[in-house]
Protein chains: 2
Amino acid sequence: MGPIAPLQKTLTASRDIDALHNLVDQDMARVNQIILDKAHSDVELIPKLAQHLIDSGGKRLRPMLTIAAAKLCEYQGAGHVTLAASVEFMHTATLLHDDVVDESEMRRGKTAARLLWGNEASVLVGDYLLGQAFKMMVEVGSLGALRVLSNAASVIAEGEVMQLAAAKNLATTEETYHAVINAKTAALFAAAAEVGAVIAERPETEALALHEFGRHLGLAFQLMDDVLDYSGERARLGKNVGDDFSEGKVTLPVILAHADGTPEEQAFWQRTIAEGDIQDGDLETAMTLIARHNALDRTMERALSHGERATRALDVFPDGPIKSALLDAVGFSISRAN
Amino acid sequence: MGPIAPLQKTLTASRDIDALHNLVDQDMARVNQIILDKAHSDVELIPKLAQHLIDSGGKRLRPMLTIAAAKLCEYQGAGHVTLAASVEFMHTATLLHDDVVDESEMRRGKTAARLLWGNEASVLVGDYLLGQAFKMMVEVGSLGALRVLSNAASVIAEGEVMQLAAAKNLATTEETYHAVINAKTAALFAAAAEVGAVIAERPETEALALHEFGRHLGLAFQLMDDVLDYSGERARLGKNVGDDFSEGKVTLPVILAHADGTPEEQAFWQRTIAEGDIQDGDLETAMTLIARHNALDRTMERALSHGERATRALDVFPDGPIKSALLDAVGFSISRAN
C-alpha cells in the first residue's frame, strides 16, 4: 500500500472525523430523533424492521454531510435537520432493496433484514421509508431541495439497474464501473451536500461546489470500500472481508486484476466471479492475484485522486472550522482501515 | 347477483366510461406521451421493462381521475397532465413491487416482468419509476400536490405491508381487510382526484370532496376486483379467474365465506388459502362455497355502498358534463364484468 502516505499529506493532516462529529453533534441528535419518530407506523412490521437497520448503526455520513454543508453555508433555520433525516431514509431504503437484489446475508454486521422478515418485507418497508423520506422533504417546503433529492432518487435507481446489468460480468470496463458508482453511491453524497447550500439559498456556485465535494467524496468512499473488502490488513485484524467476492461483485480491484491477468488467472475470475463456483481457498487466491497486479494500490490511487478533487471543490468557501472538519472527513474516508 | 340491478339505478344510468374518455382524451394523449418519455433511460433494461408494463395497457383510471378532477375544478394550467403521469408511474411502480411480493406470474394478461427480467430488475425499475414520479411532481412546483402525493406514497406502502401481514391469514377480519384496501388501493385513487382541486387552488372543501370521491371509488373498484376473481360469469366467458385463490389472497369473498362456513368448509379454506395446498377442482369448490354464503353478492353490496358514497361526495360540485362523466365512471367500476 505504498502510495497512500505521500498522497495523504496533500489532503489533510487529520484522519478522523471527530471534529466533524463535534460540530454536528447537537443537530445529529435531532436527526436521530426524527429518524426514530418517522420510522414509526401502526403496522407492526415496519418499525420492527426499520429499527433493526437503524439500531445496527452505520456511520450516518450522509446526514452529517447535509448538516455540515448547511452550517458551512450559514443556514439559520431548522429544515436541514429534516432534510438530513430524509437523506438517511433514502439511504436506508436503498440498503433494504440492495440486500434483496444482492441476496446479501449480512448488513452492518447483523443478519440482513430480508433473512429475518423475508424479501417481501424488505421491498415494502424500503418503499415505506422512501415514502416517508419524500414526505419529510415536502414538509421542509424547499422546492430547490426537492429538485436535488428527487433527481438523486432517480439517478440512484438507475445506478442500481446498471450495476445489475454489470453483475458477474467480467467484461465491465473501468469506465462503466465508474458510471455505476457515480450513480448508485456518489449521487446521494452529492445531493446530501448540495441541499445544504440550496436550503440556505446560497448562490449556484456554492451549491455546485458542495455537489462536487459530495460526489468526489462518495466516489472515494466507495472505492475505499472496494479496497477494504480485499484487504489483507483487515483479514489479519479478524474483520470481515470477501463479501464482494462471494456475491460475485465486479468491483475495481477485480476489473484491474482481471484485465492484466494471464489466461489462467482470467479463468479463475471466470469460474469464481462470473460463474459463482467458489471453493475453499479461492478468496486467498483472489487476494494474491489482486496484490500481484497492484490492484488495491491502483484503486486507492483513484480514491485519493477523488479525495483531492473533493478537497479542491471547497476552495470557493473561506477557511474555517466547518470547512476544515469536512476536509478531515475526506481524509478519514480514504484512510479508514476499518 | 340479485341486488346489483336495483342499487345500480340509484348510482347512475350509464355503465360505461365513454363520456369520461371523450372529455379527457386530448389531455390523456399528452399524459401518455410523458409516460413514454419519462420511462426512458440510457440504462437499457429500464425502458425495456417499463415498456412491457406500459404496452400491456391497463385502464389508466388513476391519471384519468386527475385530469377529470382538474377539469371539474376549472384548472387552466398544464400541471395536471404531469401530475397525472406521475400518478400512473406511482401505480406502475407499485405493480412491479407487488408482483415480486405476491410471486405473481401474470400481470395485465402478460407474463409478469419479474419472470422475464428477474425480481431484482422489478424492484429496481420500480424504484426508478418512483423516483421519476417524484421528479415530475416536483417539476410541477405545487407544494400542496406534493404533500398529497407523498402522503399517498407512504400510506400505500403501509397498506402493502399490512396486506403482507394478513396474507394467507384466515383470521383477517373484514375491518382489517377494509383498512388494507383503504391504504393500498383507495389512497392513490383519493390522491389522484384530490390533486386536481389542489393544483387548481380550490377551497379545502372541494379538495376533501374529491379525496372522498376517489377513496370510495377506489374501495368500490377493489371490492369489484375481488368479486370478479371468483366470478362464474367470467369463467364462462373464458376469462381468467382464480388468481387471488391461487396466490392465497384473503379477500372479502373468502373472509365472508370462511366466517360463515361449517367446520368442514373452514378446513377447506385452511388447506387451500392458508397452507397453499391447492388441487384440481379446488377453485370450483371455492366458488361453490362462496356462492353458498352469498359472499359475492355481499361483497358487491359493499362495493355499491362505496359507489353511492363516492357519488354523494360530488354533491358540492354543480352539475355538468364532467361531473356526470365522473359519476358514470363510478357506475362502470361497479358494473364492469370484464
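From a predicted model like this one, the values you see are computed outputs, not experimental measurements.

Reading the values: the criteria
- Sequence order sets the numbering: in each chain, residues are counted from 1 along the sequence as written.
- The lettering of chains begins at A and the numbering of ligands begins at 1, in the order of writing.
- Reporting of local features is limited, given that this is a predicted model, to residues whose pLDDT is at least 70; pairs of side-chain atoms are given and counted only at 80 or more, and all residues count toward the totals for whole chains, interfaces and linings.
- Side-chain calculation: all heavy atoms of the structure are included, whereas hydrogens and water are not.
- A least-squares fit on C-alpha atoms brings the copies together, and the residues used are those whose pLDDT is at least 70 in both copies.
- In what follows, a contact means two residues having at least one pair of non-hydrogen atoms within 4.5 Å.
- The helix count covers DSSP runs of H or I at least four residues long, the strand count covers runs of E at least two residues long, and both are numbered beginning at the N terminus.
- Between the first and last residue of a helix there are one fewer steps than residues, each counted as 1.5 Å, and that sum is the expected span.
- How sure the predictor is of each residue is captured by pLDDT, a score from 0 to 100.
- For every residue, the accessible area obtained with a 1.4 Å probe (protein chains only) is divided by the maximum for its type, and the residue is called buried under 20%, exposed over 50%, and partly exposed between those limits.
- Any two rings among Phe, Tyr and Trp, with Trp reduced to its six-membered ring, count as a pair given centres within 6.5 Å; such a pair is stacked if its planes are under 30 degrees apart, edge-to-face if over 60, and tilted if neither.
- To obtain the arc, one takes the directions from the helix axis to the C-beta atoms.
- Buried area is calculated as the accessible area (1.4 Å probe) missing from two parts once they are joined, with the contributions of both summed.
- A side-chain nitrogen of Lys or Arg and a carboxyl oxygen of Asp or Glu constitute a salt bridge if their distance falls within 4 Å.
- Two N or O atoms count as a polar contact when they lie within 3.5 Å, although within protein this holds only if one can serve as hydrogen donor and the other as acceptor, and sequence-adjacent residues are included solely when both atoms are side-chain atoms.
- Note that Gly is not counted as nonpolar here; it falls among the polar residues with everything else outside the nonpolar set of Ala, Val, Leu, Ile, Met, Phe, Trp, Tyr, Cys and Pro and the charged set of Asp, Glu, Lys and Arg.

Engineer: Can you break down the relation of the copies chain A and chain B residue by residue, with the values?
Structural biologist: The two copies are related by a screw operation: chain A maps onto chain B through 180° of rotation and 0.0 Å of translation along the axis, at an RMSD of 0.0 Å. Interpreted geometrically, this transformation is the action of a two-fold axis. When the interface residues of chain A are mapped onto chain B, 100% of them are again interface residues, pointing to one common binding face.

Engineer: Describe helix H7 (residues 143-166) of chain A, listing the residues and the values that go with them.
Structural biologist: The terminal C-alpha atoms of H7(A) lie 34 Å apart, and with 24 residues this matches the ideal 34 Å at 1.5 Å per residue to within 8%. Taken from the residues just after H7(A), A:Lys168 is the one with a positive phi, measuring 60°.

Engineer: Hey, could you go over the confidence of the model for chain A for me, with residue numbers and the actual values?
Structural biologist: Low-pLDDT portions of the prediction should not be read for the details of their coordinates. Residue and element names in this part refer to chain A. Averaged over all residues, the pLDDT of chain A is 91; the fraction at 70 or higher stands at 95%. When mean pLDDT is taken per element in chain A, helix H12 (residues 252-259) scores highest with 98 and helix H1 (residues 4-11) scores lowest with 45. pLDDT under 50 marks residues 1-10. Its contacts with residues more than four places away, or in other chains, come to 19 contacts.

Engineer: Describe in detail the environment of B:Val155, supporting the description with residues and values.
Structural biologist: Residue and element names in this part refer to chain B. The topology assignment puts valine 155 in helix H7 (residues 143-166). Classification of valine 155 as partly exposed rests on a relative accessible area of 25%. Along the backbone, valine 155 and glycine 331 are 176 residues apart, and their C-alpha atoms lie at a distance of 26 Å. Not counting residues within four places of it along the chain, the set of residues in contact with valine 155 comprises Ala183 and Ala187.

Engineer: How would you summarise the packing of aromatic side chains if you had to cite specific residues and measurements?
Structural biologist: Following the criterion strictly, the structure yields eleven aromatic pairs over all chains and no others. Each ring, one from A:Phe134 and one from B:Phe134, has its centre 3.6 Å from the other, and the planes form 45°; the classification is tilted. Remark: B:Phe134 occurs in helix H6 (residues 113-140) and A:Phe134 occurs in helix H6 (residues 113-140); the pair is interchain, linking two chains. Note on B:Phe134: relative accessible area 6%, which makes it buried.

Engineer: Any chance you could break down unusual backbone geometry for me, citing the residues and the numbers?
Structural biologist: Of note in this structure, A:Glu74 is not a glycine but carries a positive phi near 55°. Structurally, A:Glu74 can be placed in the loop between helix H4 (61-72) and helix H5 (79-102). Here the phi dihedral of B:Lys168 falls at roughly 60°; this positive angle occurs in a residue that is not glycine. With respect to the helices, strands and loops of the structure, B:Lys168 is situated in the loop between H7 and helix H8 (174-199). Judged by its relative accessible area of 42%, B:Lys168 falls in the partly exposed class.

Engineer: Let's hear about helix H14 (residues 282-292) of chain B: which residues, and what values?
Structural biologist: All names here are of chain B. Listing the buried residues of H14 in full gives Asp282, Leu283, Ala286, Met287, Leu289 and Ile290. Within H14, the buried residues cover an arc of 165° as seen down the axis, which keeps them to one side. Exposed residues lying more than 90 degrees from the buried face of H14 are Ala291 and Arg292. Of the residues trailing H14, asparagine 294 is marked for its positive phi of about 50°.

Engineer: How would you explain the interface of chain A and chain B if you had to name every residue and give the values?
Structural biologist: Counting from both sides, the interface comprises 36 residues of chain A and, opposite them, 36 residues of chain B. The junction of chain A with chain B conceals about 3300 Å² of combined surface from both sides, 78% of it contributed by carbon and sulfur atoms. Counting across the chain A and chain B interface gives zero salt bridges. Here chain A is connected to chain B by ten residue pairs in polar contact (both at pLDDT 80 or more). Put simply, the parts of the chain that give the side of chain A that touches chain B at least two residues each are helix H3 (45-55), H5, H6 and H7 of chain A. For the side of chain A that touches chain B, the leading source of residues is H6(A), giving 14 residues. Partitioning the side of chain A that touches chain B into residue classes produces 20 nonpolar, eight polar and eight charged.

Engineer: Quick one: what's the story with the environment of B:Asp319, residue by residue and with numbers?
Structural biologist: On the secondary structure map, B:Asp319 appears in the loop between helix H15 (295-313) and helix H16 (321-335). For B:Asp319, a relative accessible area of 71% corresponds to the exposed category.

Engineer: Please provide a residue-by-residue account of the pattern of salt bridges, values included.
Structural biologist: Charged atoms that come close allow side chains of opposite charge to pair. Residues and elements named next belong to chain A. This model, assessed by the stated rule, comprises 30 salt bridges over all chains. Arginine 30 is paired through a salt bridge with aspartate 27; the nearest N and O atoms lie 3.1 Å apart. Here arginine 30 and its partner aspartate 27 are both found in helix H2 (residues 18-38), three residues apart, which amounts to about one turn of the helix. A relative accessible area of 39% means that arginine 30 is categorised as partly exposed. For arginine 60, the salt bridge identified is with glutamate 88, shortest N-O distance 3.5 Å. Of this pair, arginine 60 sits in the loop between H3 and H4 while glutamate 88 sits in helix H5, and the two are 28 residues apart along the sequence. Taken together, the shared-partner salt bridges connect Asp27, Arg30 and Lys71 into one network.

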